[in-house]
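Here is how the chains run, residue by residue.
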Protein chains: 2
Amino acid sequence: MHSGNLAHRAATVIAFLSLVMTSSPSSADDQTIALAKQGSFFVAGRVVQGKGVYDPAKDTGNTNEGNTFWADQMYVLYQVPANPRTYPLVLVHGGGGTGRVWETTPDGREGYQTLFLRRGFAVYIVDFPRRGRAGFPSYNGPFGQVDGAAIVPNKTNRAGLQYAWSRWRLGPKYPDVFPVQQFPMKGLDQFMQHLVPTVSDDPEVISGALVALLERIGPAIVVTHSQSGLFGWLAGARSANVKGIISYEPGFVFPQGEMPAPIPLYKGTQAAGTPVTVAEFANLTKIPLQVVYGDNIPKSPIPDLVADGRRAQQVTSRLFVQALNDKGGNASVQLLPDAGLYGNSHFMFSDLNNVAVADQMSEFLRAKGLDAR
Amino acid sequence: MHSGNLAHRAATVIAFLSLVMTSSPSSADDQTIALAKQGSFFVAGRVVQGKGVYDPAKDTGNTNEGNTFWADQMYVLYQVPANPRTYPLVLVHGGGGTGRVWETTPDGREGYQTLFLRRGFAVYIVDFPRRGRAGFPSYNGPFGQVDGAAIVPNKTNRAGLQYAWSRWRLGPKYPDVFPVQQFPMKGLDQFMQHLVPTVSDDPEVISGALVALLERIGPAIVVTHSQSGLFGWLAGARSANVKGIISYEPGFVFPQGEMPAPIPLYKGTQAAGTPVTVAEFANLTKIPLQVVYGDNIPKSPIPDLVADGRRAQQVTSRLFVQALNDKGGNASVQLLPDAGLYGNSHFMFSDLNNVAVADQMSEFLRAKGLDAR
């Protein structure tokens, strides 16, 4: 073979390789990802036993009689790129959704799962116990019952379009939009279709499953959103395998006896957070934490109560970070408008500018030394 | 640069590339997949409207009042490798499970999703309407109701361990095992944890969603399992985009007026299948179809009624294939033991020998010209 041809082939092939192996902070759909492995598994959970003895000569279909079932397991999907960074990301969805929220934006662009896989991170994506592919505790017969006993109450919750509009800042009030906003409105139906019923969420069950996941996979960075903010703080307070937390518009925890006064709302007040032990709170001072808020959050009390609750939550974020840092913590609040990113909704990681929002997270991980290989 | 070095670099890099780009029919966990794109979306579904007007100045939480929700959408996850084959695979889970069943075997090995991605197929994996990440039709309040009206009845179904044992041939009867069997028993808990409640499955809703998916993605090969066998035949009968069907231990369809007599069981009889129109059945004669059965299915009636039902289903498979081929069809039954594969359960695609079972499917696709690029 002529060496000139070889040199040409080597150059071509190396150019291709640099494309395949890229870990550039910006991504594009036309780049190929070198995927080393992927799959899914379940962690945590408990057994539910139906009374009696199962008789396969009597029954021709599903029955509770003498049958053993599971409850409260958590579903975990994972993908690992070639040459991954040291710490994987655990992406934890918020209220009303499943891990699907990280996969694809409502308008079909890449979500954090693929964006950060491209950036060299292994990703673990969960569906909470009682939600999505984790299933929910219901068996043969009326919802949530076995042998007449309620495993969970006969009640679900779900976000509708008009509630979501205010609560998650799709606009100021259905169907109006903000002057500047990043929510991908052309994917509105897909966004609403990704929501699932909530079946009696239990913070101890969910955070316990996260701790079990971290026990299994080892040190990791936890990324939470909204409702799961609490579960991430509880996991960080209870597992030394949490090496950092990025939390998008979460609720908060405070040490027992040091809970701030409730935050005044337009009507009534909002609790500052959930109490944890002093020792648990101290564990959260040992790792880098970042709380992130989007845009279009009211600056002062307004009559829209669900939007006003978000304002109160942002006020509380300052108290949370202060409480941590007063005890030697490494916590900060990032308002995306302060970084020049305007118009972000409550789902900023899947907004039109989600690559820029991801860049903010990459910068935090780099600054805190959490992105090493 | 010295040409000898370049030659060496080219050889090394080309060896690496052949690893990255492999589409060998056998796979190993240590090979890297060149993934071009991935994501998820929803198809089909309908809107459910709560009465009244939503007032964000009154409500502080989720409510049905004046809110708009979705029902019966289907969740679809997809992955596309570099240089994919012409027809993607649509992998359709069966009763009691979700698309998770294709991801990973109960004992943690690669499932069909990754095995066939490695073999160069784009894969589409669904969660049925009312199951898994598709959510189920329940909103704020009692299960399945909006404004006191039942969207679905207050009833779920779920397979327990002892029922599953007989029905899916984890062994002859809980907790006994067969002399030769391939079910990955060390993953038994993971297997049971992947099962979710069934919420009033509706064949028209599910097969309609499959047809909507095929309308969106174009020509594809449909792979079904057990319960979804019916939905796959209905999709093939109603969408010209179905180019072939592989079905693992399904139920069957027959033309109206040509339904075979019910199959005698140890106790009673089992219907041969579900009627479709003569024109629909004729559409199924136009594409290659393969029905696959595992091992340890009874040869004659036995008192275990759920196992006996499977025997009757296998008897029916011969009638189905005969009915299709009598009308010019291209259908066959593959018993895995006839191919030298012994001991397979009802979940043969995630059994210990699932790579060999996948090889059988690859061979069918090759023989029918369905694996071209």
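The structure displayed is predicted, hence computed values, not measured ones.

Draft legend 1. How the structure looks around the side chain of Thr114 of chain A. Within the secondary structure, Thr114 of chain A sits in helix α2 (residues 112-118). Thr114 of chain A sits in the buried class, given a relative accessible area of 1%. What Thr114 of chain A contacts, discounting residues up to four positions off in sequence, is Ile33 and Glu103 of chain A together with Gln38 of chain B.

Draft legend 2. Representation of the relation of the copies chain A and chain B. With an RMSD of 0.0 Å, the operation that places chain A on chain B is a rotation of 180° combined with a shift of 0.0 Å along the axis. The transformation relating the two chain copies, once decomposed into turn and shift, fits a two-fold axis. Interface overlap between copies: 99% of the residues of chain A at the interface are likewise at the interface in chain B, consistent with a symmetric, same-surface contact.

Draft legend 3. View of helix α9 (residues 354-367) of chain B. Residue and element names in this part refer to chain B. Taking 1.5 Å as the rise per residue, α9 with 14 residues should run 20 Å; its terminal C-alpha atoms sit 20 Å apart, in good agreement. All of the buried residues in α9 are Asn354, Val357, Ala358, Met361, Ser362, Phe364 and Leu365. Within α9, the buried residues cover an arc of 160° as seen down the axis, which keeps them to one side. On the buried face of α9, the contacting elements are β5 (89-92), α2 (112-118), β9 (220-225), β10 (242-248) and β15 (288-293). Just downstream of α9, Gly369 is the residue with a positive phi angle, here 70°.

Draft legend 4. The arrangement of the pattern of salt bridges in detail. Counting across every chain of the model gives 32 salt bridges over all chains. The partner of Glu280 of chain B in a salt bridge is Arg238 of chain B, and the shortest N-O contact between them spans 2.8 Å. Of this pair, Glu280 of chain B sits in helix α7 (residues 278-284) while Arg238 of chain B sits in helix α6 (residues 228-238), placing them 42 residues apart in sequence. One salt bridge in this structure joins Arg310 of chain B and Glu249 of chain B, with 3.6 Å as the shortest N-O distance. Linking Arg310 of chain B in helix α8 (residues 305-326) with Glu249 of chain B in the loop between β10 and β11 (253-255), this pair joins segments that are 61 residues apart in sequence. Each member of the salt-bridge network shares a partner with another, and the members are Arg46, Asp72 and Arg130 of chain A.

Draft legend 5. Structural context of the packing of aromatic side chains. In the structure shown here, the tally under the stated rule is 51 aromatic pairs over all chains. Between Phe254 of chain B and Phe320 of chain B, the ring centres sit 6.2 Å apart and the planes meet at 90°, which makes this aromatic pair edge-to-face. Here Phe254 of chain B is found in strand β11, whereas its partner Phe320 of chain B is found in helix α8, with 66 residues between them in sequence. By relative accessible area, which is 0% here, Phe320 of chain B ends up buried. When the ring centre of Phe41 of chain A is taken as origin, the NZ or CZ atom of Arg216 of chain A, which lies over that ring, is 3.6 Å away.

Draft legend 6. Structural detail: the environment of Leu89 of chain A. Residues and elements named next belong to chain A. Topologically, Leu89 is positioned in strand β5 (residues 89-92). A sequence separation of 33 residues divides Leu89 from Ala122, and the C-alpha atoms of the two residues are 6.3 Å apart. Other than its neighbours up to four places away in sequence, Leu89 contacts Phe116, Phe121, Ala122, Val123, Tyr124, Ile221, Val223, Met361 and Leu365.

Draft legend 7. Just empty space enclosed by the protein, in detail. Evaluated as defined, the whole model comprises six cavities of 30 Å³ or more. Approximately 140 Å³ is the volume attributed to the largest cavity. Lining the largest cavity we find 16 residues, and of these Leu77, Gln79 and Gln113 of chain A together with Leu77 and Gln79 of chain B sit closest to its centre. Secondary structure elements with two or more residues in the lining of the largest cavity: β1 (33-43), β4 (74-81) and α2 of chain A together with β1 (33-43), β4 (74-81) and α2 of chain B.

Draft legend 8. Just the environment of Asp55 of chain A, in detail. All names here are of chain A. Relative to the helices and strands, Asp55 is located in the loop between β2 (46-49) and β3 (68-71). Judged by its relative accessible area of 34%, Asp55 is partly exposed. A sequence separation of 160 residues divides Asp55 from Glu215, and the C-alpha atoms of the two residues are 39 Å apart. Reaching out from Asp55, the side chain makes a polar contact with the backbone nitrogen of Ala57 at a distance of 2.9 Å.

Draft legend 9. Representation of the interface of chain A and chain B within the structure. Across the boundary between the two partners, chain A contributes 91 residues, which contact 91 residues of chain B. Summed over both sides, the interface between chain A and chain B buries roughly 7500 Å², with carbon and sulfur atoms accounting for 52% of that surface. Sorting the residues of chain A by area buried against chain B places Arg133, Arg158 and Gln193 of chain A first, and these three jointly supply 12% of that buried surface. At the junction of chain A with chain B, the criterion picks out four salt bridges.

Draft legend 10. A look at the packing of helix α5 (residues 203-217) of chain B against α6 of chain B. All names here are of chain B. Viewed as axis vectors pointing N to C, α5 and α6 meet at an angle of 50°, and their least axial separation amounts to 9 Å. On the basis of the axis angle, α5 is oblique to α6. Of the two elements, α5 crosses α6, and the hand of that crossing is right-handed. Contacts between α5 and α6 involve Pro203, Glu204, Ile206, Ser207, Leu210, Val211 and Leu214 on the former and, on the latter, Leu230, Phe231, Gly232, Leu234, Ala235 and Arg238.

Draft legend 11. Focus on unusual backbone geometry. All names here are of chain A. Across the junction of Tyr174 and Pro175, the peptide omega takes the value -5°, indicating a cis bond. Examined against the element boundaries, Pro175 turns out to sit in the loop between α3 (161-167) and α4 (188-193). Even without being a glycine, Ala44 presents a positive backbone phi close to 60°. Looking at the element boundaries, Ala44 is found in the loop between β1 and β2. Even without glycine at this site, Ser226 takes up a positive phi of about 55°. Inspection of the secondary structure assignment puts Ser226 in the loop between β9 (220-225) and α6 (228-238).

Draft legend 12. Layout of the confidence of the model for chain A. Residue and element names in this part refer to chain A. On average, residues of chain A carry a pLDDT of 93, and 92% of them reach 70 or more. Low pLDDT, under 50, characterises residues 1-29; the predicted model gives this stretch 42 contacts beyond four residues in sequence or across chains. This complex was scored by the predictor with a pTM of 0.92 and an ipTM of 0.92.

Draft legend 13. Looking closely at helix α5 (residues 203-217) of chain A. Residues and elements named next belong to chain A. Here α5 contains 15 residues, and its C-alpha end-to-end distance of 21 Å stays within 8% of the 21 Å for a straight helix at 1.5 Å per residue. Of all the residues in α5, the buried ones are Ile206, Ser207, Ala209, Leu210, Leu213 and Leu214. Viewed end-on, α5 has its buried residues packed into an arc of 150°, placing them on one side of the element. The distance from a side-chain oxygen at the start of α5 to the backbone nitrogen of Glu204 is 2.8 Å, and the residue carrying that oxygen is Asp202. Remark: Gly218 follows α5 within two positions and exhibits a positive phi of approximately 90°.

Reading the values: rules and limits
- Residues numbered from 1 in each chain as written.
- Chains lettered and ligands numbered in written order.
- Predicted model: local features only at pLDDT ≥ 70, side-chain atom pairs only at ≥ 80, totals over all residues.
- Heavy atoms only, no water.
- Helix = DSSP H or I, 4+ residues; strand = E, 2+ residues; numbered from the N terminus.
- Buried < 20%, exposed > 50% of the residue type's maximum accessible area, 1.4 Å probe, protein only.
- Contact = heavy atoms within 4.5 Å.
- Least-squares fit on C-alpha atoms with pLDDT ≥ 70 in both.
- Expected span 1.5 Å × (residues − 1).
- Arc of directions from axis to C-beta.
- Salt bridge = Lys/Arg side-chain N within 4 Å of Asp/Glu carboxyl O.
- Phe/Tyr/Trp six-rings, centres within 6.5 Å; stacked < 30°, edge-to-face > 60°.
- Lys NZ or Arg CZ within 6 Å of the ring centre and 35° of its normal.
- 1 Å grid on protein atoms, 1.4 Å probe; cavity = no way out; pocket = protein on both sides within 12 Å on 5 of 7 lines; lining within 4 Å.
- Points joined across faces, edges and corners; volume = space filled by probe spheres on them.
- Polar contact = N/O pair within 3.5 Å; in protein donor to acceptor, adjacent residues only side chain to side chain.
- Buried area = accessible area lost by both parts, 1.4 Å probe.
- Axes fitted to C-alpha atoms, helices over the stretch in contact; angles between N-to-C directions.
- Parallel < 35°, antiparallel > 145°, perpendicular 65-115°, else oblique.
- Left-handed = near helix turned anticlockwise from the far one by under 90°.
- pLDDT = per-residue confidence, 0-100.

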